[in-house]
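If you want the building blocks of each chain, they are given just below.
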Amino acid sequence: MGKIIAIINQKGGVGKTTTAVNLSAALGKEGKRVLLADLDPQGNATSGVGVNKRDVTVSSYHVLMEEAGCSDAIQHTKFKNLDVLPSNIDLAGAEIELVEKENRSRSLRAALLRVREQYDYIFVDCPPSLGLITVNALTASDSILIPIQCEYYALEGLSQLIQTVRTVKRLYNNDIEVEGVLLTMYDSRLNLTEQVVREVKKYFAGQVFRTPIPRSVRVSEAPSYGEPLCYYDPSNRGARAYEAVARELMERNR
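Below or above, wherever it landed, is the structure these notes cover.

Reading the values: rules and limits
- Think of each chain on its own: its residues are numbered from 1, step by step along the sequence as written.
- The predicted origin of the model limits local features to residues at a pLDDT of at least 70 and limits the giving and counting of side-chain atom pairs to 80 or more, whereas totals for whole chains, interfaces and linings rest on all residues.
- Side-chain calculation: all heavy atoms of the structure are included, whereas hydrogens and water are not.
- Helix and strand definitions here come from DSSP, where helices need a minimum of 4 consecutive H or I residues and strands a minimum of 2 consecutive E residues; each element is numbered from the N-terminal end.
- This radius of gyration counts C-alpha atoms alone. The globule rule is 2.2 Å times how many residues there are, raised to the power 0.38.
- When accessible area is computed with a 1.4 Å probe and restricted to protein chains, residues below 20% of their type maximum are described as buried, those above 50% as exposed, and intermediate ones as partly exposed.
- Only heavy atoms matter for contacts: two residues are in contact if any of them lie within 4.5 Å across the pair.
- Here the open area of atoms and residues is found with the Shrake-Rupley method and a 1.4 Å probe, where only the protein chains shown may cover a residue.
- Note on method: axes are straight lines fitted to C-alpha atoms, helices fitted across the in-contact stretch only, with angles between N-to-C directions ranging 0 to 180 degrees.
- Geometric relationships in this document are graded by angle, where less than 35 degrees denotes roughly parallel, more than 145 denotes roughly antiparallel, 65 to 115 denotes roughly perpendicular, and other angles denote oblique.
- Note on convention: the crossing is left-handed when the near helix lies turned anticlockwise from the far helix by less than a right angle, right-handed when the turn is clockwise.
- Each residue is assigned to one of three groups, with Ala, Val, Leu, Ile, Met, Phe, Trp, Tyr, Cys and Pro labelled nonpolar, Asp, Glu, Lys and Arg labelled charged, and all others, Gly among them, labelled polar.
- In protein, a polar contact requires one atom able to donate a hydrogen and another able to accept it; more generally it is a pair of N or O atoms within 3.5 Å, and residues adjacent in sequence count only if both atoms are side-chain atoms.
- Salt bridge, as applied in this entry: a Lys or Arg side-chain nitrogen positioned within 4 Å of an Asp or Glu carboxyl oxygen.
- One requirement defines pairing of two strands: DSSP has to find at least two bridges between them.
- Residue count minus one, scaled by 1.5 Å, sets the expected span of a helix.
- In this description, the arc belongs to the directions extending from the helix axis to the C-beta atoms.
- Side-chain atoms within 4.5 Å link the members of a nonpolar core, which is a set of buried Ala, Val, Leu, Ile, Met, Phe, Trp, Tyr and Cys residues.
- Each Phe, Tyr or Trp ring (for Trp, its six-membered ring) is paired with any other whose centre lies within 6.5 Å, and the angle between the two planes then decides the class: stacked below 30 degrees, edge-to-face above 60, tilted in between.
- Over a ring means this: the NZ of a Lys or the CZ of an Arg is within 6 Å of the ring centre and within 35 degrees of the ring normal.

**Looking at the overall build of the chain**
Working step 1: The helix and strand tally for the chain stands at 12 helices and seven strands.
Working step 2: Taking 254 residues into account, the globule formula puts the C-alpha radius of gyration at 18 Å, and the chain, at 17 Å, falls close to it.
Working step 3: Its C-alpha atoms give the chain principal-axis dimensions of about 50 × 40 × 35 Å.
Working step 4: Within the span of the chain, comprising 254 residues, buried residues form 56% of the whole.
Working step 5: When contacts within the chain are restricted to residue pairs at least 6 apart in sequence, those whose partners lie at least 24 apart make up 80%.
Working step 6: A total accessible area of about 11,300 Å² is found for the chain, and carbon and sulfur atoms account for 46% of it.

**With respect to the packing of helix 1 (residues 16–29) against helix 12 (residues 237–252)**
Working step 1: Following both chains from N to C, one finds helix 1 and helix 12 inclined at 70°, their axes separated by 9 Å at the closest point. On the basis of their axis angle, the class for helix 1 and helix 12 is roughly perpendicular. Crossing geometry of helix 1 relative to helix 12 is assigned as right-handed. Between helix 1 and helix 12, the contacting residues are Thr18, Thr19, Asn22, Leu23, Ala26, Leu27 and Lys29 on the first element and Tyr242, Glu243, Val245, Ala246, Leu249 and Met250 on the second.
Working step 2: A class-by-class count of the residues in the contact of helix 1 with helix 12 yields eight nonpolar, three polar and two charged.

**Digging into the side chain of Thr77**
Working step 1: Counting through the fold element by element, Thr77 comes out in the loop between strand 3 (75–76) and strand 4 (82–85).
Working step 2: Here Phe79 takes part through its backbone nitrogen, which lies 3.1 Å from a polar atom of the side chain of Thr77.
Working step 3: There is a polar contact of 2.7 Å between the side chain of Thr77 and the backbone oxygen of Leu82.
Working step 4: Among residues more than four places away in sequence, those in contact with Thr77 are Val49, Leu82, Asp83 and Val84.

**Here we look at the pattern of salt bridges**
Working step 1: Within the structure shown, the criterion is met by 14 salt bridges.
Working step 2: The residue Glu179 makes a salt bridge to Lys3 at a minimum N-O spacing of 2.7 Å. Taken as a pair, Glu179 in strand 7 (residues 177–184) and Lys3 in strand 1 (residues 3–7) lie far apart in primary sequence, 176 residues in all.
Working step 3: We classify Lys3 as partly exposed; its relative accessible area is 22%.

**Quick notes on the sheet that holds strand 1**
Sheet strands pair by backbone hydrogen bonding; their relative direction is either parallel or antiparallel.
Working step 1: If you walk across this open sheet you meet the seven strands as 3-4-2-5-1-6-7, and the pairing is mixed. Among the strands making up the open sheet, the edge pair consists of strand 3 and strand 7.
Working step 2: Sheet strands in contact with helix 1 are strand 1, strand 2 (34–38), strand 4, strand 5 (121–125), strand 6 (143–149) and strand 7, and its direction is about 165° off that of strand 5.

**Remarks on helix 9 (residues 191–203)**
In an α-helix, one turn spans 3.6 residues, which is why side chains three or four residues apart end up on the same side.
Working step 1: The terminal C-alpha atoms of helix 9, which comprises 13 residues, lie 19 Å apart, in line with the 18 Å expected from a rise of 1.5 Å per residue.
Working step 2: Turning to helix 9, its buried residues are Thr193, Val196, Val197 and Val200. Along the long axis of helix 9, the arc covered by the buried residues comes to 105°, so they all point the same way. Residues Asn191, Arg198 and Lys202 are exposed on helix 9 and point more than 90 degrees away from its buried face.

**Focus on the nonpolar core**
What tends to happen in soluble globular proteins is that the nonpolar side chains get buried as a cluster.
Working step 1: One finds Leu112, Val124, Ile146 and Phe204 to be the most contacted residues of the largest nonpolar core, which totals 49 residues.
Working step 2: With residues up to four places along the chain from it excluded, the contact list for Ile146 reads Ile8, Asn9, Leu158, Leu161, Ile162, Gly180, Val181, Leu182 and Phe204.
Working step 3: Ranked by size, the runner-up nonpolar core spans 35 residues in total, among them Leu27, Phe123, Val219 and Ala222.

**Digging into the packing of aromatic side chains**
Working step 1: Evaluated as defined, the whole model comprises five aromatic pairs.
Working step 2: Plain terms: the ring middles of Phe79 and Tyr231 are 4.8 Å apart, the flat faces sit at 45° to each other, and that makes the pair tilted. Linking Phe79 in the loop between strand 3 and strand 4 with Tyr231 in helix 11 (residues 229–232), this pair joins segments that are 152 residues apart in sequence.
Working step 3: Accessibility expressed as a relative area gives 5% for Phe79, which makes it buried.
Working step 4: Looking at Tyr231, the relative accessible area reads 26%, which means it is partly exposed.
Working step 5: The ring of Tyr231 carries Lys29 above its face, with NZ or CZ at 4.9 Å from the centroid.

Listed below in structure tokens is the structure:
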């Protein structure tokens, strides 16, 4: 039965979608069956695995609004063992529309449970906010993975995120846990980086992945070609880092 992991941080620009795309692809290359569920209206995870979001007619919006099932919306990608539940701009209005729904926090959970057996891992790429779409993702998930950039404001807003997770745990999903914290945009040459790493490891004792994701032009470049980094430039140190994180994730879940 597939493990559902929400990749979440309400702070933008921390490498959340980059992590969702590259970790999904790395696990697919390892032989794991992976579904990448794009819950961000920008649809960057969708285009990051080579799917043209302008051509998407059935998306995560329709799944959240219970107008379609996951199996109606899921698309196979050209990458090994990797499927995507795509998103596009249709999802932008979902926050408002969900308010009127009776089971507004559980729509995604019900949909993913129907396809869970088909996958080893399901990653949910959350929007950079703590609204109803994110609450749906947290309610549906077994755990959360938090990317944190190695920059000055790294821990800003994290207490609010953890409080939201605790609220969801109390009201909707008693089983949700922190899967781990992933350090992104890592540059060992900077003193600030090491300071941030120390602070994050103190805040999330024992939960930080061993391998940080380094700063790399190729990491930023790959999405414009619609390819995960481990296909676009397999020898790149960023690709190798995501592959190491994928292996550590498998170890943790063995």
